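# Examining the three-dimensional arrangement
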Amino acid sequence: MSETADSQAEDIVWHVVRQSKIHGRGVFARRHIPAGTRIIEYQGTRISSQEADRRHPANPDDPFHTFFFVLSSGKVIDGNDHGNDARWINHACDPNCESEEGRGGKRVYIKAKRDITRGEELNYDYGLVMDGKVTKKDQQDYACRCGSPKCRGTMLALPKKKKRKSKKD
């Protein structure tokens, strides 16, 4: 997509927020969205990881729900502070969108991985990363509700399982 076409596409409102079957609010396609389209920028206040730790949890009654988006630089976008509709996009293990860092790793865009039909809920794989070993309790705390046949049961990025070598005599 050319720079002109890309900036024009950013002016189109591709989505609407409403109640989701996955979790709470969700973001839905307002019209057909072609694969590769930048749908929305994930906005919010940029903070340090230390400040994110201080602010977490935003809701003590739901401590595993945040609107933080961690950038490759280590900075964090807090979608709960001056955020936009992108914060309502739910996780899915077999997503129709993906996140893409742009402009020197300072901005994040949600982009269509494939064609998305009108009315379809937008989602991307959060791939949450935790320090240390991921326990069963951690996986349950960050349980996935996407309902996909490919669901791994958690929003956490799980380590790849090592293939066992077979013993041959």
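Read on for an overview of the structure. Fair warning: this is a prediction, and the values are worked out from it, not measured in the lab. (Residues numbered from 1 in each chain as written. Predicted model: local features only at pLDDT ≥ 70, side-chain atom pairs only at ≥ 80, totals over all residues. Heavy atoms only, no water.)

### Overview of the sheet that holds strand 3 (residues 38-42)
Heads up, the rule is: The criterion for strand pairing is that DSSP finds at least two bridges linking the strands in question. Helical segments are the DSSP runs of H or I of at least four residues, strand segments are the runs of E of at least two, and each set is numbered from the N terminus. Axis angles are defined between N-to-C directions and span 0 to 180 degrees, where every axis is a line fitted to C-alpha atoms and, for a helix, only to the segment in contact.
Taken together, 3 strands build an open sheet; the order of strands is 3-9-8 and the sheet is antiparallel. Looking at the sheet topology across the chains shown, the edges are occupied by strand 3 and strand 8 (97-102). For this sheet, the mean inter-axis angle between neighbouring strands, taken without regard to orientation, is 30°. Of the strand pairs in this sheet, strand 8 and strand 9 (residues 107-112) are connected by 6 bridges, and their pairing is antiparallel. Within strand 9, the position partnered with glycine 102 by the bridge is arginine 107.

### Here's the deal with the side chain of histidine 91
The condition is simple: Each residue is assigned to one of three classes by its accessible area relative to the maximum for its type, calculated with a 1.4 Å probe on protein chains only: buried under 20%, partly exposed between the two thresholds, exposed over 50%. The definition of a polar contact used here is a pair of N or O atoms within 3.5 Å, where within protein one atom must be able to donate a hydrogen and the other to accept one, and adjacent residues in sequence count solely through side-chain atom pairs. Contacts: residue pairs with any heavy atoms within 4.5 Å of one another.
Here histidine 91 lies in strand 7 (residues 90-91). Assessed through its relative accessible area of 4%, histidine 91 is described here as buried. Within the structure, histidine 91 has its side chain in polar contact with the backbone nitrogen of tyrosine 126 (distance 3.0 Å). Among all residues touching histidine 91, those that are not within four sequence positions of it are Ile22, Asn123, Tyr124, Asp125, Tyr126, Cys144, Cys146, Arg152, Thr154 and Met155.

### Observations regarding the pattern of salt bridges
Rules: The salt bridge definition used is simple: a Lys or Arg side-chain nitrogen within 4 Å of an Asp or Glu carboxyl oxygen.
If you walk through the whole model with that rule in mind, you get 11 salt bridges. Notably, a salt bridge pairs arginine 114 with glutamate 120, separated by 2.5 Å at the nearest N-O pair. Taking relative accessible area as the criterion, glutamate 120 reaches 18% and is therefore assigned buried. A salt bridge links aspartate 141 to lysine 137; its shortest N-O distance comes to 3.1 Å. Placement of both aspartate 141 and lysine 137 in helix 3 (residues 136-141) is noted, with a separation of 4 residues, approximately one turn of the helix. Residue class for lysine 137 comes out exposed when judged on its relative accessible area of 52%. Because the salt bridges share partners, they merge into one network encompassing Glu51, Arg54, Arg55, Asp78 and Asp81.

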